[in-house]
Amino acid sequence: KLLNIDRRWIFLLIGIVCIIPFLLKIGMPVHPTDEVRWIFDYIEGLGPENAIFVGFDFDPGTQAENLPMAVAIVRHAFSRDVPVFMTAFSPLGQGMIQQGFDYVTDPVTGEYYRSVAWDEWSGIRERGIAAKEDIVQAWEAEGNSLPDGALGWVFEGRDYALLGYQPLFHLVILGMCSSIAVQFPVDMGGHTVPEMPMLQEHKSLRNVDLAVTLAGSSACLSWITYGRERVGLPIAFGVTAVMATDYYIYIQSGQIVGQMGGLRGAAEYEVLLTEAGHTSTTDKAFQGMDVQSAAHVLILLLVLLGNIAFFAGGFHRKGMQLKKRSQ
């Protein structure tokens, strides 16, 4: 009976098991691996005088794995007041930038940062104020207060720049080794990039401390070829689970700082953020691991039951008899 069960019941069972972790937080343990911790520790050692690139080098096809990585990295940088340049390897990646940034700055998410658009704080810039602490002090002196639940202020052009996508991005990386502003004269919102304080302090990739490329394809290798080997830019990877094993050689060779592999890698980073006090709780990747783990446990049980039914029903003996007759 087990071997003849309608497969639709199995599909229904898988569906129920995947839904339950969304309703009830199971919280299966996720222990960060060294290659993820290396990225975290590297960014943890940075501050307002540094800057990082976050490459949204993926499209909606792998966003379930790559977007939580991007959210975790951006949150970490914001918590350390590290300026973040956000770029995309493909046109679809530009939409991923907007989606990821909106998530980090959306009050609905709970763990969010209150963003201040470029035009909103123009008066402060005109007064020659550029340091983050001074900007926050001047902004709040104008009567602005941090909303309840917000983790902090982030100012466009000071804390982040949504640079977006440019064609032939591997050549764009090469060009940014000399000048970021030449490759991106305006950002996704049409603002003049060279006027941004973070661009005046970090004019090229030579002045950037880390590039984290989050990819669902070999696009991440362009950062190695044109960034790491050209100007010695430190690189970290965030790749899909099926790609992860292909890139361990770059960790062993010392060409990359570390690597996040699949949804598990994003969940590990969320755990590190929570342990360090940057967030009060984990996010979607950690919850997604509960779903993934529950589904895997069910599949293992089904495989076990199938084997028990196979041997209990004597099908292995019948198979051997048929083999002997055929010989």
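Small disclaimer: the values here were computed from a predicted structure and weren't measured.

**Brief notes about the pattern of salt bridges**
So, step 1. In this structure the tally under the stated criterion is 7 salt bridges.
So, step 2. Across the salt bridge formed by Arg 8 and Asp 6, the nearest N and O atoms sit 2.7 Å from each other.
So, step 3. The class for Arg 8 is exposed, based on a relative accessible area of 60%.
So, step 4. A relative accessible area of 30% means that Asp 6 is categorised as partly exposed.
So, step 5. Each of Asp 81, Lys 132 and Asp 159 takes part in a single network of salt bridges with overlapping partners.

**Notes on the packing of helix H7 (residues 169-176) against helix H10 (residues 220-231)**
So, step 1. Between H7 and H10, whose axes approach to 9 Å, the crossing angle comes to 15°. With respect to their mutual orientation, H7 and H10 come out roughly parallel. Relative to H10, the crossing made by H7 is right-handed. Along its contact with H7, which presents Phe 169, His 170, Ile 173, Leu 174 and Met 176, the element H10 presents Ser 222, Trp 223, Tyr 226, Gly 227 and Arg 230.
So, step 2. In terms of residue class, the contact of H7 with H10 is built from 6 nonpolar, 3 polar and 1 charged.

**Describing the pairing of strand S7 (residues 235-239)**
So, step 1. Burial runs high along S7: 5 of the 5 residues are buried.
So, step 2. Here S7 shows no split at all, with Ile 235, Phe 237 and Val 239 on one side and Ala 236 and Gly 238 on the other all buried.
So, step 3. Looking at chain direction, strand S6 (residues 210-215) and S7 are connected through 5 bridges and run parallel. The residue bridging Leu 214 from the neighbouring strand is Gly 238, located in S7.
So, step 4. Handedness of the crossover joining S6 and S7 through H10: right-handed.
So, step 5. Bridge analysis of S7 against strand S8 (residues 259-261) gives 3 bridges, and the strand direction is parallel. Paired with Val 239 across the bridge in S8 is Gly 261.

**As for the sheet that holds S7**
So, step 1. A sheet is described by the order of its strands in space; here 6 strands give the open sequence S5-S2-S1-S6-S7-S8, paired in parallel fashion. Each having just a single partner strand, strand S5 (160-165) and S8 make up the two edges of the open sheet. Mean inter-strand twist for the sheet, computed between neighbouring axes without regard to direction, equals 15°.
So, step 2. Of the strands in this sheet, S7 and S8 are in contact with helix H13 (residues 262-275), which crosses S8 at around 120°.

**Notes on the nonpolar core**
As a rule of thumb, nonpolar side chains are buried together in soluble globular proteins.
So, step 1. In this structure, Ile 52, Phe 56, Ile 73, Phe 78, Met 86 and Tyr 269 are the most contacted members of the largest nonpolar core, which totals 47 residues.
So, step 2. In terms of residue count, helix H3 (residues 63-79) provides more of this core than any other element does, 9 residues in total.
So, step 3. With sequence-adjacent residues up to four places away left out, Ile 73 is seen in contact with Ile 39, Ile 43, Ile 52, Val 54, Val 212, Met 260 and Tyr 269.
So, step 4. Counting 44 residues, the second-largest nonpolar core is a separate cluster that includes Trp 153, Ile 173, Met 176 and Tyr 250.

**Quick word on unusual backbone geometry**
So, step 1. Even without a glycine there, the phi angle at Asp 81 is positive, about 60°.
So, step 2. Within the fold, Asp 81 resides in the loop between H3 and strand S2 (84-88).
So, step 3. Here Leu 168, not a glycine, exhibits a phi torsion of approximately 50°, which is positive.
So, step 4. For Leu 168, the location among the structural elements is in the loop between S5 and H7.
So, step 5. When its relative accessible area of 53% is taken as the criterion, Leu 168 is described as exposed.

**So, the environment of Val 84**
So, step 1. Residue position: Val 84 is located in strand S2.
So, step 2. Given the relative accessible area of 0%, Val 84 is considered buried.
So, step 3. Each C-alpha atom of the pair Val 84 and Ile 73 lies 9.6 Å from the other, and the pair is 11 residues apart in sequence.
So, step 4. With residues near it in sequence (within four places) discarded, Val 84 still touches Ile 52, Val 54, Ala 77, Phe 78, Asp 159, Tyr 160, Ala 161 and Met 198.

**Remarks on empty space enclosed by the protein**
So, step 1. Under the definition given, this model contains 1 cavity of 30 Å³ or more.
So, step 2. By volume, the largest cavity is sized at about 50 Å³.
So, step 3. Forming the walls of the largest cavity are Pro 68, Val 71, Ala 72, Arg 75, Glu 270, Leu 273, Thr 279, Thr 281, Thr 282 and Asp 283.
So, step 4. Elements represented by at least two residues in the lining of the largest cavity include exactly H3 and H13.
So, step 5. The greatest single-element share of the lining of the largest cavity, amounting to 4 residues, is contributed by H3.
So, step 6. The class makeup of the residues in the lining of the largest cavity is 4 nonpolar, 3 polar and 3 charged.

Cut-offs used in this document
Residues numbered from 1 in each chain as written. Predicted model: local features only at pLDDT ≥ 70, side-chain atom pairs only at ≥ 80, totals over all residues. Heavy atoms only, no water. Salt bridge = Lys/Arg side-chain N within 4 Å of Asp/Glu carboxyl O. Buried < 20%, exposed > 50% of the residue type's maximum accessible area, 1.4 Å probe, protein only. Axes fitted to C-alpha atoms, helices over the stretch in contact; angles between N-to-C directions. Helix = DSSP H or I, 4+ residues; strand = E, 2+ residues; numbered from the N terminus. Parallel < 35°, antiparallel > 145°, perpendicular 65-115°, else oblique. Left-handed = near helix turned anticlockwise from the far one by under 90°. Contact = heavy atoms within 4.5 Å. Nonpolar A, V, L, I, M, F, W, Y, C, P; charged D, E, K, R; others polar. Pairing = 2+ DSSP bridges. Right-handed = clockwise from strand over helix to strand, strands pointing away. Core = buried A, V, L, I, M, F, W, Y, C linked by side-chain atoms within 4.5 Å. 1 Å grid on protein atoms, 1.4 Å probe; cavity = no way out; pocket = protein on both sides within 12 Å on 5 of 7 lines; lining within 4 Å. Points joined across faces, edges and corners; volume = space filled by probe spheres on them.

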